[in-house]
Amino acid sequence: MILVDQTIVSVATPAIMDGLGADVNEVVWVTSAYLLAFAVPVLITGRLGDRVGPKNVYLVGLTVFTLASLWCGLTTTIDQLIIARVVQGLGASMMTPQTMAVITRLFPANQRGKAMSLWGATAGVAVLVGPILGGVLVDGLGWEWIFLINVPVGVVGFVLAWRLVPKLPTHVHRFDLLGVALSAIGMFLLVFGIQEGEEYDWGTITGPISVWSLIATGLVVIGLFIAWQAVNKNEPLLPLALFRDRNFSLANVAITTVGFAVTSLGFPLMLYAQAVRGLSPTESALLLVPMAVISGVLAPFVGRLTDRVHPRYVAGVGLLALPISLAWLSMAMEPNAPIWHLLLPIAGLGVANGFMWAPLGSTATRNLPMHQAGAGAGVYNATRQIGAVLGSASIAALMQARLTAELPAAGGGAGASEAGVSKLPEFLHDGFSQAMADSLLLPAGVIVIGLVAVLCFARPKNLG
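Nothing here was measured: the structure is a model prediction, and the numbers come from that model.

Student: Tell me about a nonpolar patch on the surface, and name the residues and values.
Tutor: A surface patch of nonpolar side chains, amounting to about 480 Å² of accessible area, comprises Trp328, Met331, Trp340 and Leu344. Mapped by element, the contributors of at least two residues to the nonpolar patch are helix 14 (311-332) and helix 15 (339-365). Checked against the element boundaries, Trp340 lands in helix 15.

Here's what the structure looks like:
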């Protein structure tokens, strides 16, 4: 449900802009606020699952997420929607670490790859179901229903989890509230500075406060957070000792870049499809079918490989296919390009998705002691979400910058925002297409860092 919700929003972005009178930067905050609220507490919610039981925390998080989804569907302004998405992100942060922790604690290391492949296949299903469902809902009922659909799903999920998820032994943990505060403040300042930079022309926001001062302060606060984690003698929010394991550290670097790329690529693609190509939300979503199908078909095969083959080679295929496919897609995004020119690189994204998730997840958790399963899962998911929120903020800033460069007469795409992207004048199609195509090169470049990280993986223990 969490993954579907993330993919649904990218398809509904133009409809939300039209329905609530929002511009590109405001509508991206709908995603950024959610991801920020998801990423910051996920470190402590993983630990909370260890202390009171992953099943209990999961059920509370599912309740919060479901009620917040109802709130999102009932909002009437962009500001209300952003606030509701923050609460939804808090619910998601309680749920996500528990899934990996349960897998890590139930399955022995030499069978974890198969379990992780099913966990990863869920992402592939979400990539297919989310956009298509989102397109159908937006076309038929309105953008509000991309959130309201979570309510019945959440109720069913609660009943199933209550009956079927086992209760696991708990461990005593302390909670690092100062660490939570420092990480929250640092991440907010950094993300706000990056995403709002273009809005303020990378200059002064108010009085002595500038975009660059916010970014710099955010980095300093994050530095203080890391320093505090190093000296905290009780139980730090971020157990730095986990990073002594080489593969855990490298997997976290890689999943950060994957989160960045996967989150950011949807915005320019969906805006191009609907604003330039005139596709409906459903038709735009159908562009992603090759990616979802290929990813789902590959997932069981990759899961078996993950338990037997060095993860350097398995994950390396995925993280090599991703930047190649993004660069290819960028070159194909022209106003009158045949649809099949787009579908081929999108199929390449399916190969990338199929080979990334299982080997990264299993490699990160393979050597973790059982009593740190929740903490390790929390760190892994936090780094993925940090990558996602930085990707969301960065792609918003880059899209605005490229629109300003390519559409100077329209005030950086302001004309598109005011008229609604579905009514983008034809004379703006060339510039808009180029701006969106250029934006895709950002996630392509970032994912190369992840590729270098997985190529440095050491051979894991207990590899078949």
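Student: So what about the layout of surface pockets? Which residues, and what values?
Tutor: Size it by volume and the largest pocket reaches roughly 1100 Å³. Around the largest pocket, the lining comprises 36 residues; the ones closest to its centre are Met1, Tyr58, Thr99, Trp119 and Thr122. Secondary-structure elements contributing two or more residues to the lining of the largest pocket are helix 1 (2-20), helix 4 (54-74), helix 5 (78-106), helix 6 (112-140) and helix 8 (150-164). In terms of residues, the lining of the largest pocket owes the most to one element, helix 6, which gives nine residues. The residue makeup of the lining of the largest pocket, split by class, is 26 nonpolar, eight polar and two charged. Phe225, Ile226, Leu238, Thr383 and Ile386 are, among the 21 residues lining the second largest pocket, the residues nearest its centre. Taken together, the residues of the lining of the second largest pocket sort by class into 16 nonpolar, five polar and no charged.

Student: Can you tell me about the environment of Ser183, naming the residues and giving the values?
Tutor: Of note, Ser183 is situated in helix 9 (residues 177-196). For Ser183 and Gly157, which are 26 residues apart along the polypeptide, the C-alpha to C-alpha distance reads 31 Å. Residues within four places of Ser183 in sequence aside, it is in contact with Val40, Phe225 and Leu237. Within polar-contact distance, the side chain of Ser183 engages the backbone oxygen of Val180 at 2.9 Å.

How each quantity is defined
Residues numbered from 1 in each chain as written. Predicted model: local features only at pLDDT ≥ 70, side-chain atom pairs only at ≥ 80, totals over all residues. Heavy atoms only, no water. Patch = residues over 30% accessible without salt bridge, like charges linked within 9 Å, V, L, I, M, F, W, Y side chains within 5 Å. Areas by Shrake-Rupley, 256 points an atom, 1.4 Å probe, with all protein chains shown as cover. Salt bridge = Lys/Arg side-chain N within 4 Å of Asp/Glu carboxyl O. Helix = DSSP H or I, 4+ residues; strand = E, 2+ residues; numbered from the N terminus. 1 Å grid on protein atoms, 1.4 Å probe; cavity = no way out; pocket = protein on both sides within 12 Å on 5 of 7 lines; lining within 4 Å. Points joined across faces, edges and corners; volume = space filled by probe spheres on them. Nonpolar A, V, L, I, M, F, W, Y, C, P; charged D, E, K, R; others polar. Contact = heavy atoms within 4.5 Å. Polar contact = N/O pair within 3.5 Å; in protein donor to acceptor, adjacent residues only side chain to side chain.

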